[in-house]
Amino acid sequence: MGKLYVVGFGPGGYEHMTAKAIEVIEGADLITGYTTYVDMLREIFPDKTYLATPMMQEIKRCRMAVEEALKDQVVAMVSSGDSGIYGMAGIIYQVAEEMQADLEIETVPGVTAASAAASVLGAPLMHDFAVISLSDLMTPLDLIWKRIDCGGQSDLIICLYNPKSKKRTTYVERAAEILMQYRKGDTPVGIVRHAGRREQSSCITTLKELKNADIDMFSVVIIGNSQSYVSQGRMITPRGYQL
């Protein structure tokens, strides 16, 4: 009997993978995923069998994974970060339902980009926060701005995924403009690029200066709330303990 695992393997390094993710990947007959993610895993698990598809072929990839699992194989569909947070878990369940596949599916969680980036910066996510993707490929832009606005009104820490691409060059600036209606320009903002990977870099700036920061699709942007501050190079959001 085949089985399909949807595995989040974290930022990419072996040290950030859960024991469960390692166990599933090592035990799978086939590992499938986005080409970039498969290439990451090939370095760590070179003897496994892989099936990769490029970006924008998520539905095709999921159908292939379901088909292979229905051949009595154990298949691991991999995503960086957590498979259930902007990962492949949701679409896998939808595709399997559409295909009426009688198949056992299990989701394996991983370290998501928000927590990986936060660990680099210090402790910026110690209170209520929202994770919002600035990619409008699947979400209307007006709805993204509404979510940013609501996060600003409620003083949530805001963690931005997919903050800037070659086509989307001004979305971060617009998000900052919206948030500055509700919080000060000197609110700390942490930026981590390639969180948890060899190429990792980070910096801390302010909401007012965010428009001048070096940001791309490999970056995670964490915008503090009204209580966030910087101390000794670390970005910290108090939980509210009385010292």
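Notes on the structure in this doc start here. This one's a predicted model, so the numbers in the text were calculated from it and none came from an experiment.

A word on the pattern of salt bridges
Scanning the model with the defined rule gives 10 salt bridges in all. One salt bridge in this structure joins Arg183 and Asp155, with 4.0 Å as the shortest N-O distance. Placement of the pair is Arg183 in the loop between helix H7 (171-179) and strand S9 (188-193) and Asp155 in the loop between helix H6 (141-153) and strand S8 (157-161), with a sequence separation of 28 residues. When the shortest N-O distance is used, the salt bridge between Arg193 and Asp216 registers 2.6 Å. Residue Arg193 is found in strand S9, and its partner Asp216 is found in the loop between strand S10 (201-206) and strand S11 (219-223); the two are separated by 23 residues along the sequence. Exposure remark for Arg193: the relative accessible area of 27% places this residue in the partly exposed category. A single salt-bridge network, built from bridges that share partners, covers Lys3, Lys20, Glu104 and Glu106.

Observations regarding the sheet that holds strand S5 (residues 104-108)
With parallel pairing, the five strands of this open sheet are ordered in space as S3-S2-S4-S1-S5. Each edge of the open sheet is held by one strand with a lone partner, namely strand S3 (50-53) and S5. Across the sheet, the mean angle separating the axes of adjacent strands is 20° when strand polarity is ignored. As defined by bridge partners, strand S1 (residues 3-8) adjoins S5 across five bridges and the pair is classed as parallel. Considered in S5, the bridge of Lys3 is made with Glu104. Contacting S1, strand S2 (30-34), strand S4 (74-79) and S5, helix H1 (residues 19-27) runs over the sheet at an angle of about 135° to S1. This element, helix H4 (residues 89-98), spans S1, S4 and S5 of the sheet and lies at about 175° to S5.

As for the packing of aromatic side chains
Applying the stated criterion to the full structure yields five aromatic pairs. With a centroid separation of 6.5 Å and an interplanar angle of 50°, the aromatic rings of Tyr14 and Phe45 are classed as tilted. Taken as a pair, Tyr14 in the loop between S1 and H1 and Phe45 in the loop between helix H2 (35-44) and S3 lie far apart in primary sequence, 31 residues in all. Take Phe45: its relative accessible area is 6%, and that puts it in the buried class. An aromatic cluster of at least three residues, connected via ring pairs, comprises Phe9, Tyr34 and Tyr37.

Examining the sheet that holds S10
With mixed pairing, five strands are arranged side by side in an open sheet as S7-S8-S11-S9-S10. Two strands lie at the open edges of the sheet, namely strand S7 (129-133) and S10, each paired on one side alone. Pairwise comparison of adjacent strand axes, ignoring direction, gives a mean angle of 20° for this sheet. Alignment of S9 against S10, held across six bridges, turns out to be antiparallel. Bridge pairing links Val192 to Ser202 in S10. Across the sheet, H6 lies against S7 and S8, angled at about 165° from S7, the strand it touches most.

Conventions adopted
- Residues numbered from 1 in each chain as written.
- Predicted model: local features only at pLDDT ≥ 70, side-chain atom pairs only at ≥ 80, totals over all residues.
- Heavy atoms only, no water.
- Salt bridge = Lys/Arg side-chain N within 4 Å of Asp/Glu carboxyl O.
- Helix = DSSP H or I, 4+ residues; strand = E, 2+ residues; numbered from the N terminus.
- Buried < 20%, exposed > 50% of the residue type's maximum accessible area, 1.4 Å probe, protein only.
- Pairing = 2+ DSSP bridges.
- Axes fitted to C-alpha atoms, helices over the stretch in contact; angles between N-to-C directions.
- Contact = heavy atoms within 4.5 Å.
- Phe/Tyr/Trp six-rings, centres within 6.5 Å; stacked < 30°, edge-to-face > 60°.

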